[in-house]
Amino acid sequence: MPSLKDLKIRIDSVKSTQKITKAMKMVAAAKLRRAQEAAESARPYAERMDQVLASLGGSMVGQVGAPKLLAGTGADETHLLVVATSERGLCGGFNTNIIKAANRKIRRLLADGKTVKILCVGRKGYQALRREHQSRIVDSIDMSGVKTLGYGDASGIAERLLDMFEAEEFDVCTVFYAKFKSALEQIVTEQQLIPAAIEEEDASASADLGGAVYDYEPDESEILEDLLPRNVGVQIFRALLENAASEQGARMSAMDNATRNAGDMIEKLTLTYNRTRQAVITSELIEIISGAEAL
Amino acid sequence: MADIVNFELVSPERLLMSAEAEMVVVPGVEGDIGVLPGHAPLVTTIRPGIVEVHNDGADLVKLFVRGGFAEITGTTLTVLAEEAMALSEIDRAAIEQELQNCNEDIQDAKDAATRAKAEDARDRAQEVLQALDDAAA
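All figures in this text were calculated on a predicted structure; none of them were measured in a lab.

Chemist: For this particular structure, what's the right way to read the overall build of chain B?
Modeler: Summing up its helical and strand segments, chain B has 2 helices and 8 strands in all. With the C-alpha coordinates of chain B rotated into their principal frame, the extents come out at 60 × 30 × 25 Å. Expressed as a percentage of the 137 residues in chain B, the buried residues total 41%. Sequence-distant contacts in chain B: of pairs separated by 6 or more residues, those separated by 24 or more amount to 50%.

In structure tokens:
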């Protein structure tokens, strides 16, 4: 049976923990709103890019002389995985889920006899992956200095990838990140960046043209060659923004849970504290009464 | 026929401008394109330069854009630029200062990577100045 003093100390410590988690939850909520806005305002660009690429790429797929970024190198031997995680922990299963998905993919690729290279974006992913895959990690990009995520951050990574692709260091590039659905739900997504995964052109995209066909200036293949590298940057930017929103969402719900758990704990401890206090009083009374009776 | 063009300028970070205009001049790679209502559908990549938004009764709006493409349908024009800023917000002296800094950086650069980076920055500053000169001419 813990003493009254021990209980008091525990209650106080849980209370201060609760204060911290509550503050973190509130900070995450504010950051989440900002991250969500950023993700939403980046959407128009990415959507347009998709549309134009879809209408351009659809006609180029399978043709001889299609750009490598679209058609691939023809091989499927070396895979580069870009694993985007957060810089900080205490955000529930956010990082673990992404890393788990990446690990699954790595194991599958290795079982198929492929070569795997890893590029980590964010400290947490690097820390978790280096234990098992130290030799496969090409580099880790530290984002801790980045306060607000700008397009420049993403295009830097994209340039890096394109250089590596030019140097034929990999054949296929896939990025892992968590898509933001709500504060409670983030979906781990793996997206193939290179060669570009282009969806079939849907009817709605060309409907507003009344069936008219675009002219291209310069010609289609040149535009495509200009757009595909840009697309890599845009996709990475989108992934990073989604990731940032997901991280804050995950942290918010994790800290909400922690605050609630701390509340339950305080309640339980307070109950025990009161009971113990009552027990002490009772036993003191009994001592006094039985002492008086003995006289 | 509609007599306005719905003009949208989008950067990767956000939608920068959405306006109606009578004519928009876009710096295409193969030359400037004046987009009037009813323009034939066209997709073009753009070179660093000035987008002009003409609107009767309103001031001429000039914007510097770099890197991206423009998509034209009959009634809408969407410019996707990696970088865009209003010409009125560009401080010429600041850019010139930057250009000078870049030149110094190139001189001081100790390895190829820093030099390439500085040269990149210099080219960017030069492009902006070039565009400013063109706009003034």
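Chemist: For this particular structure, what's the right way to read the domain arrangement of chain A?
Modeler: Reports often express the size of an interface as the amount of accessible area lost when the parts come together. The domain boundaries assigned to chain A delineate domain 1 (4-21 + 256-294) and domain 2 (39-253). Placing a centre on the C-alpha atoms of domain 1 of chain A and another on those of domain 2 of chain A gives a separation of 54 Å.

Chemist: What exactly am I supposed to notice about the side chain of T259 of chain A here?
Modeler: Residue and element names in this part refer to chain A. Looking at the element boundaries, T259 is found in helix α8 (residues 220-294). You can call T259 buried: its relative accessible area is 10%. Each residue touching T259, except ones within four places of it in the same chain, is listed here: Q18, T21 and K22.

Chemist: How should the interface of chain A and chain B be read in this particular structure?
Modeler: Taken together, the contact pairs 23 residues of chain A with 25 residues of chain B. Together, Y45, R48 and E217 of chain A form the three largest contributors to the area buried by chain A at its contact with chain B, with a combined 32%. The tally of links from chain A across to chain B stands at 3 salt bridges. With a shortest N-O distance of 2.9 Å, E82 of chain B and R230 of chain A are connected by a salt bridge. At the surface where chain A touches chain B, the tally comes to 7 residue pairs in polar contact (both at pLDDT 80 or more).

Chemist: Looking at this structure, I do not really get unusual backbone geometry. What am I missing?
Modeler: For residues that are not glycine, phi is negative in most cases, and the peptide bond is trans in most cases. Residues and elements named next belong to chain A. Cis geometry marks the peptide bond from I194 to P195, where omega comes out at -10°. Notably, L90 is not glycine yet its phi reads approximately 55°, a positive angle. Residue placement: L90 occurs in the loop between β1 (78-84) and α4 (94-111). Notably, E168 is not glycine yet its phi reads approximately 55°, a positive angle. When its relative accessible area of 55% is taken as the criterion, E168 is described as exposed.

Chemist: Please clarify how the packing of helix α1 (residues 92-108) of chain B against helix α2 (residues 112-136) of chain B should be interpreted in this entry.
Modeler: Packed helix pairs are characterised by how far apart their axes lie and by the angle those axes make with each other. All names here are of chain B. Closest axis-to-axis distance for the α1/α2 pair is 9 Å, and the angle between their directions is 155°. Classified by the angle their axes make, α1 and α2 are roughly antiparallel. Crossing handedness for the pair α1 and α2: left-handed. Two secondary-structure elements touch here, α1 through R92, I95, E96, L99, C102, N103, D105 and I106 and α2 through R115, A118, E119, A121, R122, A125, Q126, V128, L129, L132 and D133.

Chemist: How should I be thinking about the pattern of salt bridges in this particular structure?
Modeler: Side-chain pairing between opposite charges can occur once the charged atoms of the two side chains come close. Residues and elements named next belong to chain B. If you walk through the whole model with that rule in mind, you get 20 salt bridges over all chains. Between E83 and R124 there is a salt bridge, and its shortest N-O distance comes to 3.1 Å. In this pair, E83 sits in strand β8 (residues 76-86) while R124 sits in helix α2, placing the two residues 41 residues apart along the sequence. A relative accessible area of 28% means that E83 is categorised as partly exposed. Overall, the relative accessible area of 38% leaves R124 in the partly exposed class. Note that D123 and R122 form a salt bridge whose closest N and O atoms lie 3.5 Å from each other. Where salt bridges share partners, they join R66, E83, R124 and E127 into one cluster.

Chemist: Any chance you could explain the pairing of β8 of chain B here in plain terms?
Modeler: Within a regular beta strand, the side chains point alternately toward one face of the sheet and then the other, so they alternate between its two faces. Residues and elements named next belong to chain B. Pairing geometry for strand β1 (residues 5-10) and β8, over 5 bridges, is parallel. Bridge pairing in β8 places V10 opposite L80. For strand β7 (residues 61-72) and β8, the ladder comprises 9 bridges, and the chain directions are antiparallel. Within β8, the residue paired with I72 across the bridge is L77. Hairpin connection between β7 and β8: a loop of 3 residues separates the two successive antiparallel strands.

Chemist: Help me understand the environment of D111 of chain B, please; the structure alone is not making it clear to me.
Modeler: Mapped onto the elements of the fold, D111 of chain B is located in the loop between α1 and α2. Overall, D111 of chain B belongs to the partly exposed group, its relative accessible area being 41%.

Chemist: Looking at this structure, how should I read the domain arrangement of chain B?
Modeler: Residues and elements named next belong to chain B. Assigned domains within chain B: domain 1 (5-88) and domain 2 (92-136). Facing the 8 residues of domain 1 at the interface are 6 residues of domain 2. For the pairing of domain 1 and domain 2, the buried interface totals around 600 Å² over both sides, and the portion due to carbon and sulfur atoms is 65%. By the criterion of area lost to domain 2, the three top residues of domain 1 are F64, R66 and L87, representing 54% of everything that side buries. Of all the secondary structure elements, the ones that give two or more residues to the side of domain 1 that touches domain 2 are β6 (49-54) and β7. A per-element tally of the side of domain 1 that touches domain 2 places β7 first, with 3 residues.

Chemist: What exactly am I supposed to notice about the packing of aromatic side chains here?
Modeler: Geometry of an aromatic ring pair is reported as the spacing of the ring centres plus the angle between the planes. Residue and element names in this part refer to chain A. Counted by the stated rule, this structure contains 2 aromatic pairs over all chains. With a centroid separation of 5.4 Å and an interplanar angle of 90°, the aromatic rings of Y151 and F237 are classed as edge-to-face. Of this pair, Y151 sits in helix α6 (residues 151-166) while F237 sits in helix α8; the two residues are 86 residues apart in sequence, bridging distant segments of the chain. For the residue pair Y151 and F237, the accessibility class agrees, reading buried in each case. Ring centres of F165 and F170 lie 5.5 Å apart, and the angle between their planes is 45°; this geometry places the pair in the tilted category. With respect to class, F165 is no different from F170; both count as buried.

What counts as what
Along each chain, the written sequence defines residue order, and numbers are assigned to residues from 1. Each chain gets a letter, beginning with A, and each ligand a number, beginning with 1, in the order they are written. Whole-chain, interface and lining totals are the exception, using all residues; otherwise, since this is a predicted model, local features are given only for residues with pLDDT of at least 70 and side-chain atom pairs are given and counted only at 80 or more. Excluded from the side-chain calculation are hydrogens and water; included are all heavy atoms of the structure. Under the scheme used here, helices are H or I runs from DSSP no shorter than 4 residues and strands are E runs no shorter than 2 residues, and both carry numbers assigned from the N terminus. For the exposure calls, accessible area comes from a 1.4 Å probe over protein chains only, and a residue counts as buried if that area is under 20% of its type's maximum, exposed if over 50%, partly exposed in between. By definition in these notes, contact holds between two residues if any of their heavy atoms fall within 4.5 Å. Domain ranges listed in this record stem from an automatic or a database domain assignment. Once two parts are brought into contact, the accessible area they lose, counted with a 1.4 Å probe and summed over both, makes up the buried area. The working definition used for a salt bridge is a side-chain nitrogen of Lys or Arg within 4 Å of a carboxyl oxygen of Asp or Glu. Between N or O atoms, a polar contact is any pair within 3.5 Å; within protein, one atom must be a potential hydrogen donor and the other a potential acceptor, and residues adjacent in sequence are included only when both atoms are from side chains. Fitted lines through C-alpha atoms serve as axes, helices being fitted only where they are in contact, and the angles separating the N-to-C directions of these axes extend from 0 to 180 degrees. Small angles under 35 degrees read as roughly parallel and large ones over 145 as roughly antiparallel, with 65 to 115 read as roughly perpendicular and the rest as oblique. Handedness of a crossing is defined here by the sense of rotation of the near helix relative to the far one, left-handed for an anticlockwise turn of less than a right angle and right-handed for a clockwise turn. Two strands are counted as paired when DSSP detects at least two bridges linking them. Stacked, tilted and edge-to-face are the three classes applied to pairs of Phe, Tyr and Trp rings, where Trp contributes its six-membered ring and a pair requires centres within 6.5 Å; stacked means planes under 30 degrees apart, edge-to-face means over 60, and tilted covers the rest.

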